[in-house]
Structure formats: C-alpha cells, structure tokens
Amino acid sequence: MTQTHENPDAADDSGREMWSMYDADRIPTGTTMARGDQFRPGELHMVVHVCIFDWGSAGVGPGSAAGLNSGAGSRAGSGTGTGSGDEVRMLIQRRTDHKAGWPGMWDVTVGGSATAGESSARGAEREVYEELGLRIDLTGTRPSFTFNFRHGFDDFYLLRAGSCTTDTRANQRANHRANVATNIAPATDLPPIELADLAVPNDEVAEVRWATRAEIHALRDAGEFIPYRPSAIDFVFDMLGRNDILDLADEGGRPGTDIADFG
C-alpha cells in the first residue's frame, strides 16, 4: 500500500518523511528533520508500535487471565505452528525484502515514526492503515507504555481483537474494583480480524500471521524476528489487558492501590 499523509508537513519537497523533534522532556523543539538526515545533538523523535492480539483465541476472552502468562520466557516451539491452543496470539508481519531497515524480518503488528505535526495516537492509526489497510480509532487512548531508545521515544499500543467490542476505557475507574481479582480489562478494542481481509502484501509488508509468545521467541532465536530483547517481548505479552504496572491482585486492595489514589 502506498504511503499517504494527510498532513502536508509530513514530507519534504523530495517526498522524504518529515519528523517533529522533541527534547528529553518530550517537549517539541519546533524543528523538524527528514528521514535519513543526521540527528542534531539533544533532539529526539517519536516512534509508535501497535501490537494487535487475537483476544478470542483458544478460549481467552474478557475477564479471563488464561493464556496471558502461558509460555512466559519459553523458547519452545518451531515458530511455524499455531501454538498449543491455550495462548494469546499476536498478529505479526514480515517486512518486505526491499525495506531499508530489517528487510525480510518478522516484526510486531505495526511500527513506524510519527510524522511532523502528528500526535502519537494519530501516527499509530496511520501506520496501521498504511501497513494493514485497517482503520482504527485511538481517540483519547494513551499508549500502553513507552520505551526510550537512543534517538527518541517508542510508544506501544496493545489492542485486543475479538467478538466483544464494548469500549471500557471511559469506565475504567468505575470497573477497577470489579476487575481487581484478575487485573484484566474486560473488553476488546477491535472486532475480530480475518487475515484475508487485510491489505497484505503491499510495499511494506510481505505477509502476516498470528503467533504465540513462544513462537515469537523461537523466530527471534532463529534470526528471523527483529532482535528485541527477550524480556521486552515478555513484557508486551504480560501487559496485555493490564490497567497498570502494579499487580493489584497480589496487593489485595490495600489502601493506596486504588486507581484513584495515583497522581
């Protein structure tokens, strides 16, 4: 799929993608740079990743923790199957052979740089459409977490696709106590996804498939997946459906663990 940008500032006269620059406090500097140029000292840019999971796979669904921690840290599996049948699967993509970075390698669902003047959420929406042909709406959605890297900030959005599409983000505070036993948000973010309906292959993505945590580790160990740290892969799976980094089920609802007590 050919890249298109609604923002006229997203590309320079030669068509190169333009990025907004930020300082270490994530405050815009008011400057931009073109993809491929050298970073100036102290300037950073914003990257987004979207990880879509098959929330309805293998009996894993709203309110259930089953499968979320299955295979944690495991290196079992050949990377070619569909898993043991009781694990959540992530939609992964294989990059085309002519991509400038990590050509032909498997990667998480979607990733790319936010363009000049683009928010994190809008950048994530655009990347999902450009790489998969899928329209999503992240209005009012914060990243699930952010990793820092040498040249910027990497926002991760973890989305669950399945048959229950009730949006509970606005009701998270009210539902918090009901969910404290499992610390799992009881809803999905997207309707079910059929691989045949995605706009793949395209200029950026050669193919897509579902993969369990263990299968992703196996692909990485075989040199076929972008070499993210194994602990980072585990962290992505561990945070799926979680409201925050505290294990509130273990906290037992002690004072100070309520969502309203933070901040």
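Residues numbered from 1 in each chain as written. Predicted model: local features only at pLDDT ≥ 70, side-chain atom pairs only at ≥ 80, totals over all residues. Heavy atoms only, no water.

An unreviewed UniProt entry annotates the chain as Nudix hydrolase domain-containing protein originating from Corynebacterium xerosis.

**Here's the deal with the overall build of the chain**
Operational definition: By the criteria applied, helices consist of DSSP H or I runs no shorter than four residues and strands consist of E runs no shorter than two, each listed in order from the N terminus. Each residue is assigned to one of three classes by its accessible area relative to the maximum for its type, calculated with a 1.4 Å probe on protein chains only: buried under 20%, partly exposed between the two thresholds, exposed over 50%. Contacts are residue-level and defined by heavy atoms, with any inter-residue pair within 4.5 Å sufficient. All accessible areas in this document rest on Shrake-Rupley with a 1.4 Å probe, and a residue is counted as covered only by the protein chains that are shown.
Tallying secondary structure elements over the chain gives five helices and nine strands in all. Starting at the N terminus and ending at the C terminus, the chain contains elements arranged as β-β-β-β-β-β-α-β-β-α-β-α-α-α. The buried share among the 263 residues of the chain stands at 44%. Of all intrachain contacts in the chain linking residues separated by at least 6 positions in sequence, the fraction that spans at least 24 positions is 64%. Of the accessible surface of the chain, which amounts to about 13000 Å², a share of 50% is contributed by carbon and sulfur atoms.

**A few points about the environment of P28**
Inspection of the secondary structure assignment puts P28 in strand β2 (residues 28-34). Taking the C-alpha atoms as reference, P28 lies 9.6 Å from G117; in sequence the two are 89 residues apart. Discounting chain neighbours no more than four positions away, the residues touching P28 are M21 and Y22.

**Some details on the pattern of salt bridges**
Rules: Should a side-chain nitrogen of Lys or Arg be within 4 Å of a carboxyl oxygen of Asp or Glu, the pair is scored as a salt bridge.
For the structure shown, the criterion picks out 18 salt bridges. Taking the shortest distance from any N to any O, the salt bridge between D155 and R26 comes out at 2.5 Å. With D155 in strand β8 (residues 152-161) and R26 in the loop between β1 (18-22) and β2, this pair connects stretches of sequence that are 129 residues apart. For D155, a relative accessible area of 0% gives the class buried.

**A short note on unusual backbone geometry**
The omega torsion across V200 and P201 is 5°, close enough to zero to call that bond cis. Phi is positive for R26, which is not a glycine, with a value near 65°. Its relative accessible area of 29% is what places R26 among the partly exposed residues. In this structure, W102 takes a positive phi of about 50° despite not being glycine. Of note, W102 is situated in the loop between β4 (89-95) and β5 (106-107).

**Looking at the packing of aromatic side chains**
Rules: Two rings from Phe, Tyr or Trp (for Trp, the six-membered ring) form a pair when their centres sit within 6.5 Å of each other. Planes less than 30 degrees apart are called stacked, planes more than 60 degrees apart edge-to-face, and all others tilted. Here, over-ring charges are defined by two tests on the NZ atom of lysine or the CZ atom of arginine: distance to the ring centre within 6 Å, and angle to the ring normal within 35 degrees.
Overall, the coordinates contain nine aromatic pairs when judged by the stated rule. Between F145 and F147, the aromatic rings sit 5.1 Å apart at their centres with planes inclined by 65°, giving edge-to-face as the arrangement. For F145, a relative accessible area of 11% corresponds to the buried category. Through successive ring pairs, a cluster of aromatic residues spans F145, F147, F156 and F235. Between the NZ or CZ atom of R160 and the centre of the ring of W55, over which it lies, the distance is 5.5 Å. When the ring centre of W106 is taken as origin, the NZ or CZ atom of R209, which lies over that ring, is 6.0 Å away.

**Remarks on the packing of helix α3 (residues 213-221) against helix α4 (residues 230-239)**
What counts, and what does not: Only the stretch in contact is used when a helix axis is fitted, and all axes are lines through C-alpha atoms; the angle between N-to-C directions ranges over 0 to 180 degrees. Orientation categories follow fixed angle ranges, with anything under 35 degrees roughly parallel, anything over 145 roughly antiparallel, 65 to 115 roughly perpendicular, and all other angles oblique. By definition, turning the near helix anticlockwise from the far helix through less than a right angle yields a left-handed crossing, and turning it clockwise yields a right-handed one. Residue classes follow a fixed rule: Ala, Val, Leu, Ile, Met, Phe, Trp, Tyr, Cys and Pro count as nonpolar, while Asp, Glu, Lys and Arg count as charged, and any other residue, Gly among them, counts as polar.
Their axes nearest at 11 Å, the elements α3 and α4 cross at an angle of 160°. Of the possible angle classes, the one that applies to α3 and α4 is roughly antiparallel. Judged by the twist between their axes, the crossing of α3 over α4 is right-handed. Contacts from R213, I216, H217 and R220 in α3 reach P230, I233, D234, F237 and D238 in α4. Broken down by class, the residue content of the contact of α3 with α4 amounts to four nonpolar, one polar and four charged.

**Some details on helix α1 (residues 120-132)**
For the record, the criterion: Expected span of a helix: the number of residues minus one, times 1.5 Å.
With 13 residues, α1 should reach 18 Å at 1.5 Å per residue; the first-to-last C-alpha distance of 18 Å fits that figure. Residues S120, A121, G123, A124, E125, R126, E127, V128, E130, E131 and L132 constitute the buried set of α1. Where the residues of α1 are buried, they touch β3 (45-54), β4, β6 (110-113), β8 and β9 (205-212). Among the residues trailing α1, G133 stands out with phi positive, at a value near 75°.

**Some remarks on the pairing of β8**
For clarity, the cut-off: Here, strands pair whenever DSSP counts at least two bridges between them.
Judged by how many residues are buried, β8 sits mostly within the fold: 10 of 10 residues are covered. Summarising the sheet, β3 and β8 pair through 10 bridges and their orientation is parallel. The partner of V50 across the bridge, within β8, is Y157. Inspection of the sheet shows strand β7 (residues 145-149) paired to β8 by five bridges, in the antiparallel sense. Bridge pairing in β8 places F147 opposite D154.

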